[in-house]
Amino acid sequence: MSLLRITHLPSGRLLSAILHHQRLLPSIIPLTVPKRAVIQGEYKRPGQPRKAKFPWKKINFNFSKGLEGIKKHFTLLKKEFTDRWVGPEGKPIVEHMLEQNRAVWEFRGPESLGEWTVSSDREIGGHSEAYLKLGRNNNTCFLYGTLSSTPPRDGETRYSGYCTMRSKQPLASFDRKKHHDWSSFNTLHLRVRGDGRPWMINISAETYFSHQKDDIYCYFLYTRGGPYWQDVKIPFSKFFLTHRGRIQDDQHPVWLDKVNTIGFTLGDKADGPFQLEIDFIGVCKDYAHTEEFAYEAYKRNPEV
Amino acid sequence: MNPYILAILLFGLGLGTTITFASSHWLLAWMGLEMNTLAIIPLMAQHHHPRAVEATTKYFLTQAAAAATLLFASITNAWLTGQWEIQQITHPLPTTMITLALALKIGLAPLHAWLPEVLQGLDLTTGLILSTWQKLAPFALILQIQPSNSTTLIILGLASTLIGGWGGLNQTQLRKILAYSSIAHLGWMILVLQFSPSITLLTLLTYLIMTSSTFLVFKLNKSTNINTLATSWAKAPALTALTPLILLSLGGLPPLTGFMPKWLILQELTKQGLAPTATLAALSALLSLYFYLRLSYAMTLTISPNSLLGTAPWRLPSTQLTYPLATSTALTICLLPLTPAISALLTP
């Protein structure tokens with residue numbers, strides 16, 4: 001029945017008409033409405049997919065996947081218990097004492113790519129592209145794509161053109177967060193082959209308690225291009241503190257006992273293709289490097 | 001930090017502990033404890049570092065919870081018995097609550113989880129203040145309330161020694177190791193509390209001296225990790241030779257000072273008929289001894305990989321004061337023969 005006819009119904013029949021609303025279906029809006037955001041549409045940032053699905057349509061029940069997940073988590077839990085018998089972090093203490101170099105990320109197979117997240121300004125509606133694949137002989141990782149600094153047309157973004165590759169936070173059993181403990185080391189060692197573009201290395205430490213979620217310690221990585229590999233050693237004392245991309249006044253060195261992620265960002269305002277090949281990312285202990293922090297080493301507020 | 005502010009904060013720390021020592025009313029004692037907490041918070045957060053902020057937040061939340069429980073328990077006691085005197089607390093419910101609140105304050109197991117993380121986020125000086133000075137005021141209250149329920153205290157004590165031993169086994173960070181050692185020592189103190197409070201006081205004082213010397217050794221070496229300790233033989237060889245003695249004293253081996261409290265506690269426990277408890281406590285001391293030995297192994301008994309060219313750095317005189325380290329090290333190593341005099345001093 002159409003809306004016009006419903007309004008002319010006597011009240012008794014109106015009630016039964018509402019109760020048997022299937023008859024009303026073809027002509028009027030259904031009485032069970034999805035939420036307003038779905039109908040009217042919230043402001044949708046360009047570049048974000050439309051998520052107008054009812055909640056029950058989002059369930060994806062898969063029994064075998066669930067079993068696999070349970071097996072994986074319990075295996076990790078058992079490993080955590082048995083690792084304690086060997087030593088801290090599953091390695092004997094002698095190894096901790098003697099360790100001077102540790103390759104944290106080595107790209108030797110397809111599963112190593114799963115530890116990294118690649119994103120670009122496509123998320124805010126830009127036109128850059130970034131992809132990650134294994135390099136030649138499955139021995140390196142290859143980050144490539146195109147940068148485009150055309151800002152998205154949403155009225156509020158002025159600059160654009162970046163891409164980033166960030167490691168995923170290590171997880172213990174049942175998706176609990178773990179941290180990298182690099183306190184025995186003082187230098188970051190990378191073997192990269194770039195195309196001459198200036199990249200930025202971002203280290204993110206644990207920020208749950210300081211409520212400064214976007215505190216990132218950064219330093220530059222100048223790639224030299226060319227067919228030769230480049231060994232880059234950056235001491236951790238050189239990393240400076242930024243928050244949402246802005247360098248902070250109150251600087252402090254990065255504490256290495258709870259490092260969450262490391263990332264590489266490219267945003268050099270030069271449109272066009274880019275590529276970065278990484279062989280490994282490791283940390284090492286340079287006994288000759290005694291600098292504690294490279295910035296703000298003078299006394300602030302000296303007494304006069 | 002601005003020296004005036006530092007002076008005010010240190011004065012506040014001292015005043016808080018003194019107020020708690022001098023008080024006979026629960027509200028005044030609680031006030032002293034709160035002053036201690038509030039005075040140390042800026043000291044902990046002075047470096048504006050995320051980890052320092054994390055440590056400060058965790059410390060504040062646990063200490064505030066403990067102080068609130070303490071206040072609640074003393075008010076409950078006042079309501080039930082009409083008494084505000086610290087030494088007149090007799091009703092079992094407030095007594096248990098106050099024991100648990102003070103256990104949270106000092107970091108006894110099972111209320112110990114905050115201590116390793118908090119100590120890890122602090123620099124060594126503030127960690128020293130936290131491990132030593134901040135234990136005095138709660139202990140002043142614990143010694144006065146004479147809790148009578150033996151089960152709670154024995155459980156707290158045994159759990160602390162065991163957890164302090166086991167937890168410290170897999171650590172490479174020195175501050176976390178010292179936190180677990182602190183938990184273990186506090187467990188020993190609580191074990192003997194109801195039988196002989198003077199031995200508790202003795203254990204507390206020897207623990208303060210031993211922990212101070214350990215923290216000062218690490219401060220001098222500027223080391224926060226076992227690996228950094230491994231290079232100290234080139235910088236301060238005499239200290240590297242003495243540190244195993246300090247660590248073994250913490251572990252409670254004769255003929256060093258640390259043996260004195262353990263010996264007296266085991267003797268007292270056996271006299272009271274708690275031989276299995278004494279055995280369990282002595283065995284758990286072995287766990288702690290393992291990680292102290294591991295520290296001495298890494299520092300003194302092995303030489304870390306190095307090149308021969310880098311063996312002899314300049315041994316410049318230290319810019320830090322070494323008198324406190326010298327005094328506390330001497331006391332840590334040599335005090336055992338004075339046991340009769342010291343126990344006579346502490347027994348009323």
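Because the structure is predicted, anything quoted here is derived from the model rather than measured.

Participant: For this particular structure, what's the right way to read the nonpolar core?
Facilitator: The nonpolar side chains of soluble globular proteins are, as a tendency, buried together. One finds Ile40, Tyr59, Val118, Phe218, Ile226 and Leu295 of chain B to be the most contacted residues of the largest nonpolar core, which totals 48 residues. Split by domain, this core shows at least three residues from each of two domains, domain 1 (1-135) and domain 2 (149-306 + 321-347) of chain B. Apart from the residues within four sequence positions on either side, isoleucine 226 of chain B is in contact with Ile93 and Met97 of chain A together with Gln171, Thr172, Leu174, Ile177, Arg294, Leu295 and Ala298 of chain B. Trp105, Leu132, Cys141 and Ile278 of chain A belong to the second largest nonpolar core, which has 39 residues in total.

Participant: Is there a simple way to think about unusual backbone geometry in this case?
Facilitator: In most cases, non-glycine residues show a negative phi, while peptide bonds are predominantly trans. Going from alanine 109 of chain B to proline 110 of chain B, the amide bond is cis rather than trans, its omega being 0°. Looking at the secondary structure, you find proline 110 of chain B in the loop between α4 (92-106) and α5 (114-120). Note that the residue after proline 254 of chain B, namely proline 255 of chain B, is joined by a cis bond; omega there is 0°. Assignment of secondary structure puts proline 255 of chain B in the loop between α12 (237-251) and α13 (259-271). Despite not being glycine, asparagine 138 of chain A shows a phi value in the positive range, around 55°. Note that asparagine 138 of chain A resides in the loop between β3 (129-134) and β4 (141-147). Of note in this structure, phenylalanine 174 of chain A is not a glycine but carries a positive phi near 60°. Along the chain, phenylalanine 174 of chain A falls in the loop between β5 (163-167) and β6 (187-193).

Participant: How should I be thinking about the domain arrangement of chain B in this particular structure?
Facilitator: Size of an interface, as often reported, equals the accessible area lost when the parts are brought together. All names here are of chain B. For chain B, the domain assignment lists domain 1 (1-135) and domain 2 (149-306 + 321-347). Each side of the interface is counted separately: domain 1 has 23 residues, and domain 2 has 27 residues. Remark: the boundary between domain 1 and domain 2 carries 1 salt bridge. Measuring nitrogen to oxygen at the nearest pair gives 3.5 Å for the salt bridge that ties lysine 176 to glutamate 117. Taken together, the connections running from domain 1 to domain 2 amount to 6 residue pairs in polar contact (both at pLDDT 80 or more). Contributing elements (two or more residues each) for the side of domain 1 that touches domain 2: α4, α5 and α6 (124-145). Tallying contributions element by element places α6 first for the side of domain 1 that touches domain 2, with 7 residues.

Participant: Got a minute to help me understand the sheet that holds strand β2 (residues 116-120) of chain A in this structure?
Facilitator: Through backbone hydrogen bonds, the strands of a sheet pair up, either in parallel or in antiparallel fashion. Residue and element names in this part refer to chain A. Taken in spatial order, the 7 strands line up as β2-β5-β12-β7-β8-β10-β11 in an open sheet, and their pairing is antiparallel. Each edge of the open sheet is held by one strand with a lone partner, namely β2 and β11 (246-247). For strand β7 (residues 198-205) and strand β12 (residues 259-266), the ladder comprises 7 bridges, and the chain directions are antiparallel. Among the inter-strand pairings, isoleucine 203 is bridged to a residue of β12, identified as isoleucine 262.

Definitions and cut-offs
- Every chain is numbered on its own, with residues counted from 1 as its sequence reads.
- Numbering of ligands from 1 and lettering of chains from A proceed in the order in which they are written.
- Local features in this predicted model are restricted to residues whose pLDDT is 70 or higher, and side-chain atom pairs enter the listing and the counts only when it is 80 or higher, whereas totals over whole chains, interfaces and linings include all residues.
- To get the side-chain values, all heavy atoms of the structure are used, and hydrogens and water are removed first.
- Residues grouped as a nonpolar core are buried Ala, Val, Leu, Ile, Met, Phe, Trp, Tyr and Cys residues, joined through side-chain atoms within 4.5 Å.
- We call a residue buried when its accessible area falls under 20% of the maximum for its residue type, exposed when it is over 50%, and partly exposed in between, using a 1.4 Å probe and counting protein chains only.
- An automatic or database domain assignment supplies the start and end points of every domain.
- A contact between two residues is defined here by any heavy atoms of the two lying within 4.5 Å.
- Counting from the N terminus, the helices are DSSP H or I runs at least four residues long and the strands are E runs at least two residues long.
- For this analysis, a salt bridge means a side-chain nitrogen from Lys or Arg found within 4 Å of a carboxyl oxygen belonging to Asp or Glu.
- Here a polar contact is recorded for every N or O atom pair within 3.5 Å, except that within protein the pair must consist of a potential hydrogen donor and a potential acceptor, and residues adjacent in sequence are included only if both atoms are side-chain atoms.
- Here a strand pair is declared whenever DSSP counts at least two bridges between the two strands.

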